[in-house]
Amino acid sequence: MNIHEYQAKEILKSFNVKIQNGHVISSPSEALKSARKMQKNQKSKIFVLKAQIHAGGRGKGIIKETGSKGVVIVKHIDQISEKAKNILGGTLVTKQTGKKGKVVNKLLIAEDVYYPGNSEIKEYYLGILLDRVKGCNVIMASTEGGVEIEKVAEETPEKIIKEWIDPKIGLQISQVKKIAFALNLKGNAQKEMIKFIYSLYDAYEKIDASMFEINPVLKTSDDQILAVDAKVNIDDNALFRHKDIELLRDLTEEDPAEIEANKSNLSYVKLDGNVGCMVNGAGLAMATMDIIKLSGGDPANFLDVGGTANAETVEAGFRIILKDSNVKAILLNIFGGIVRCDRVANGVVQAYRNIGKINIPIIVRLQGTNSKKAAEIINNSGLKVFSAITLQDAADKINDIL
């Protein structure tokens, strides 16, 4: 689950991670009110307005309607309302949103941490995630803060520091000191960075995060270490342990089809192709997507109905896939191990009739328990549904349709 920057910072703050302070607002009048409160406690008269959407590249992104950037520096408090108005309610387009963009419903008005006199500043990068190859968490750090880590990895990979954490013994002081030393920090700045990394890793583990990206991490002129930006992803499978974090979910940022799929306990991810696929099991789903690609089509989605597919889940899957106007055909690929193929076939026929007229062909491959009986049910249904026996057979039928 993704959360907004302001939400991520509040979580980090609760674990004693120092952050760039700010207030979340949803109207220009709120922005001005918050700025007046903040002005009493900050050294600078400058403010930063940050669009809150689930996408990176906000600083370079552009609001379609006004031409404003997604991150704006406001040099005078009298300009706050106008600048906020140019962002709120607008559609922000960044590299990660695609041309469609995302509507900005909230703004973070943040303090200026690059104020005059704070000249000895330095930006760093810190990230924590699971290394699935090594089976343990890894902390990544770099002196190249404020720059996309992918660009650093491509152009200067030697500037990325990595420390893998043994899950049996946890994060060690020697590892944290090694990172701080490699970042060329000394004295109090080094001590503050050590505290920062420890607190950050503590937060990462305790909230069951799947990724932390703090870019940039700022060293101020008085050697304080602050999280200026924060991207936090939570492991969906652990949300039952964190009901308070689950409440932070912003449904306006998610694909409506994915929300509907979640309600039906389906694993669904929308893609840009033209062939919808419904499968039971993630491995089989990947193989199905491969065969679609090899047959000349493009997968329109990843949809895993799980090992106990029935009429209800099949119908829910069809309804979700059919909402995508790009879909020209649907491939249903079920292996009947736990579930009987004839039950799935009856579910397909029932779902087809419940939904009503379906204008695109459906290819059904059911293999496993009672697969022959399932093929008979499909072939005798009189519906625009075609049975396939092998993956190659399914691929050939897709190719004929496309």
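To be clear, the structure that these remarks concern was listed above.
What counts, and at which threshold
Residues numbered from 1 in each chain as written. Predicted model: local features only at pLDDT ≥ 70, side-chain atom pairs only at ≥ 80, totals over all residues. Heavy atoms only, no water. Helix = DSSP H or I, 4+ residues; strand = E, 2+ residues; numbered from the N terminus. Buried < 20%, exposed > 50% of the residue type's maximum accessible area, 1.4 Å probe, protein only. Contact = heavy atoms within 4.5 Å. Areas by Shrake-Rupley, 256 points an atom, 1.4 Å probe, with all protein chains shown as cover. Lys, Arg positive; Asp, Glu negative; His and termini not counted. Charge placed at Lys NZ, Arg CZ, Asp CG, Glu CD. Expected span 1.5 Å × (residues − 1). Arc of directions from axis to C-beta. Pairing = 2+ DSSP bridges. Axes fitted to C-alpha atoms, helices over the stretch in contact; angles between N-to-C directions. Right-handed = clockwise from strand over helix to strand, strands pointing away. Salt bridge = Lys/Arg side-chain N within 4 Å of Asp/Glu carboxyl O. Polar contact = N/O pair within 3.5 Å; in protein donor to acceptor, adjacent residues only side chain to side chain. Parallel < 35°, antiparallel > 145°, perpendicular 65-115°, else oblique. Left-handed = near helix turned anticlockwise from the far one by under 90°. Nonpolar A, V, L, I, M, F, W, Y, C, P; charged D, E, K, R; others polar.

So, about the overall build of the protein. A count of helices and strands for the protein gives 13 helices and 19 strands. Principal-axis analysis of the C-alpha atoms places the extent of the protein at approximately 80 × 50 × 40 Å. In the protein, which comprises 402 residues, the proportion classed as buried is 49%. When contacts within the protein are restricted to residue pairs at least 6 apart in sequence, long-range pairs at least 24 apart make up 68% of them. Carbon and sulfur atoms make up 50% of the accessible area of the protein, which amounts to about 20,200 Å² in all. Each charge class in the protein was averaged separately, 55 positive and 49 negative side chains, and the resulting centres sit 3 Å apart.

Here the focus is helix α2 (residues 28–39). Its twelve residues give α2 an end-to-end C-alpha distance of 16 Å, which sits within 8% of 16 Å, the value for a rise of 1.5 Å per residue. Among the residues making up α2, those that are buried are A31, L32, S34, A35 and M38. Within α2, the buried residues cover an arc of 165° as seen down the axis, which keeps them to one side. When the buried face of α2 is taken as reference, the exposed residues oriented beyond 90 degrees from it are S29, K33, R36 and K37.

The strand order β1-β7-β2-β4 describes an open sheet built from four strands, whose pairing is antiparallel. Taken across any chain shown, the strands that pair with only one partner, and hence form the sheet edges, are β1 (22–25) and β4 (71–74). Between one strand and the next, the sheet's axes are offset by a mean angle of 20°, whatever the strand orientation. As paired elements, strand β2 (residues 47–51) and strand β7 (residues 107–111) share five bridges and run antiparallel to each other. By the bridge assignment for β7, A51 is matched with L107. Sitting on the sheet, α2 is in contact with β1, β2 and β7, with an inclination near 170° to β1.

Taken across its seven residues, strand β18 (residues 362–368) has five buried, putting it largely inside the fold. Note: strand β17 (residues 329–336) against β18, seven bridges, orientation parallel. Across the sheet, residue I330 finds its bridge partner in β18, namely I362. Pairing of β18 with strand β19 (residues 385–388), which is carried by four bridges, proceeds in the parallel orientation. Bridge pairing in β19 links I363 to F386. One crossover worth recording links β18 to the parallel β19 by way of helix α12 (residues 371–379), and it is right-handed.

A few words on the pattern of salt bridges. Following the criterion strictly, the structure yields 22 salt bridges and no others. Ionic pairing is found between K50 and E5, a salt bridge with its closest N-O pair at 3.0 Å. Here E5 lies in helix α1 (residues 5–14) and K50 lies in strand β2, a separation of 45 residues in the sequence. Residue R58 is joined to D229 by a salt bridge in which the shortest nitrogen-to-oxygen separation is 3.2 Å. Taken together, the positions of R58 in the loop between β2 and β3 (62–63) and D229 in the loop between β12 (225–227) and β13 (231–234) put the pair 171 residues apart, joining distant regions of the chain. Using a relative accessible area of 9% as the deciding quantity, one classes R58 as buried.

Time to look at the side chain of K9. Mapped onto the secondary structure, K9 falls in helix α1. Sequence-distant contacts of K9, defined by excluding residues within four places in its chain, comprise I19, Q20, K50, L108, A227, V228, D229 and A230.

Let's shift gears to the side chain of E163. With respect to the helices and strands, E163 occurs in strand β10 (residues 160–165). For E163, a relative accessible area of 9% corresponds to the buried category. Side-chain polar atoms of E163 contact the side chain of Q175, separated by 3.2 Å. Separated by 3.1 Å, the side chains of E163 and K178 make a polar contact.

At a minimum axis distance of 8 Å, the contact between helix α10 (residues 311–322) and helix α11 (residues 341–355) shows a crossing angle of 50°. By the angle between their directions, the pair α10 and α11 is classed as oblique. Pair α10 / α11 crosses with right-handed handedness. Listed contacts from α11 to A311, V314, E315, F318, R319 and L322 of α10 are V344, G347, V348, Q350, A351, N354 and I355. Along the lines of polarity and charge, the residues of the contact of α10 with α11 split into eight nonpolar, three polar and two charged.

It is worth spelling out unusual backbone geometry at this point. Cis geometry marks the peptide bond from N215 to P216; its omega dihedral reads 10°. Within the secondary structure, P216 is located in strand β11 (residues 209–219). A positive phi angle, near 70°, is found at N16, a position not held by glycine. Structurally, N16 can be placed in the loop between α1 and β1. Given a relative accessible area of 66%, N16 falls into the exposed group.

Honestly, it's all geometry; don't read function into it.
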